[in-house]
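# Descriptive analysis of the structure
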Amino acid sequence: MDDKDREILQMLQGRFPLESEPYKVIGDKLWMDEVSVISRVARMYESGIIRYLGPFFDSRKLGYKGCLAALQAPDDKIDAIAEVINQFPEITHNYLREGNPNVWFTVIAPSLERRDQILAEIRQKTGIDNIMIFASKKLFKVKVDLD
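Worth saying up front: this structure is predicted, and the values here are computed from it rather than measured.

One finds Leu71, Ile85, Ile91, Phe105 and Ile122 to be the most contacted residues of the largest nonpolar core, which totals 19 residues. Put simply, the parts of the chain that give this core at least two residues each are strand S1 (65-71), helix H4 (78-86), strand S3 (103-109) and helix H5 (112-126). Excluding anything up to four places from it in sequence, Leu71 contacts Ile81, Ile85, Pro101, Asn102, Val103, Phe105, Ile122, Ile128, Asn130 and Ile131. Counting residues in hydrophobic clusters, the runner-up holds 12 residues, among them Ile8, Met32, Val41 and Met44.

Considering all chains together, one arrives at 2 aromatic pairs under this definition. Here Phe16 and Tyr23 contribute two aromatic rings whose centre-to-centre distance is 5.8 Å and whose plane-to-plane angle is 75 degrees, an arrangement assigned as edge-to-face. Look at Phe16 and you get partly exposed, because its relative accessible area is 32%. Taking the centre distance of 5.5 Å and the plane angle of 20 degrees together, the rings of Trp104 and Phe134 count as stacked. Note that Trp104 is positioned in strand S3 and Phe134 in strand S4 (residues 132-134), a separation of 30 residues in sequence. A residue is classified by how much of its surface remains accessible, and Trp104, at 13% relative accessible area, is buried. A relative accessible area of 37% places Phe134 in the partly exposed class. The ring centre of Trp104 lies 5.5 Å from the NZ or CZ of Arg97, which sits over that ring.

Relative to each other, helix H1 (residues 3-14) and helix H3 (residues 34-47) sit at 85 degrees, their axes nearing to 11 Å. Taken as axis vectors, H1 and H3 run roughly perpendicular relative to one another. The residues of H3 that touch H1, namely those facing Lys4, Asp5, Ile8, Leu9 and Leu12, are Val37, Arg40, Val41, Arg43 and Met44. When the residues that make up the contact of H1 with H3 are grouped by side-chain class, the tally is 6 nonpolar, no polar and 4 charged.

Criteria and thresholds
Residues numbered from 1 in each chain as written. Predicted model: local features only at pLDDT ≥ 70, side-chain atom pairs only at ≥ 80, totals over all residues. Heavy atoms only, no water. Core = buried A, V, L, I, M, F, W, Y, C linked by side-chain atoms within 4.5 Å. Buried < 20%, exposed > 50% of the residue type's maximum accessible area, 1.4 Å probe, protein only. Helix = DSSP H or I, 4+ residues; strand = E, 2+ residues; numbered from the N terminus. Contact = heavy atoms within 4.5 Å. Phe/Tyr/Trp six-rings, centres within 6.5 Å; stacked < 30°, edge-to-face > 60°. Lys NZ or Arg CZ within 6 Å of the ring centre and 35° of its normal. Axes fitted to C-alpha atoms, helices over the stretch in contact; angles between N-to-C directions. Parallel < 35°, antiparallel > 145°, perpendicular 65-115°, else oblique. Nonpolar A, V, L, I, M, F, W, Y, C, P; charged D, E, K, R; others polar.

Structural data, given as structure tokens:
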């Protein structure tokens, strides 16, 4: 990464132009052409420097209901259970942790009813009735811009 890459990352994080040609706007501000900006972004994405490029919405302000959930999956069924969890677009991510419970995931749905329906379907499809639900009480991390 060079200084231009860092400048592009700064603009992608906090000042992404909402224009019909955003990469041209970024290029104009950084004294670069649009193709160079797009090429650099693509290279950083392919190398893993950029993991996600897209909007981040405040789901609470949009009325969505979410929670952190966890369950204890038998070692020989972890992959199958993860496949069930991954079937739902409302699951933003899941991960395996040591200890009990060992499978953790987040659900963000447009209503409590839909969130509960997803959890019920996971229970039914996995055969695991005990899914722990942890609703957030306070939001600590809203936005992080990296230098």
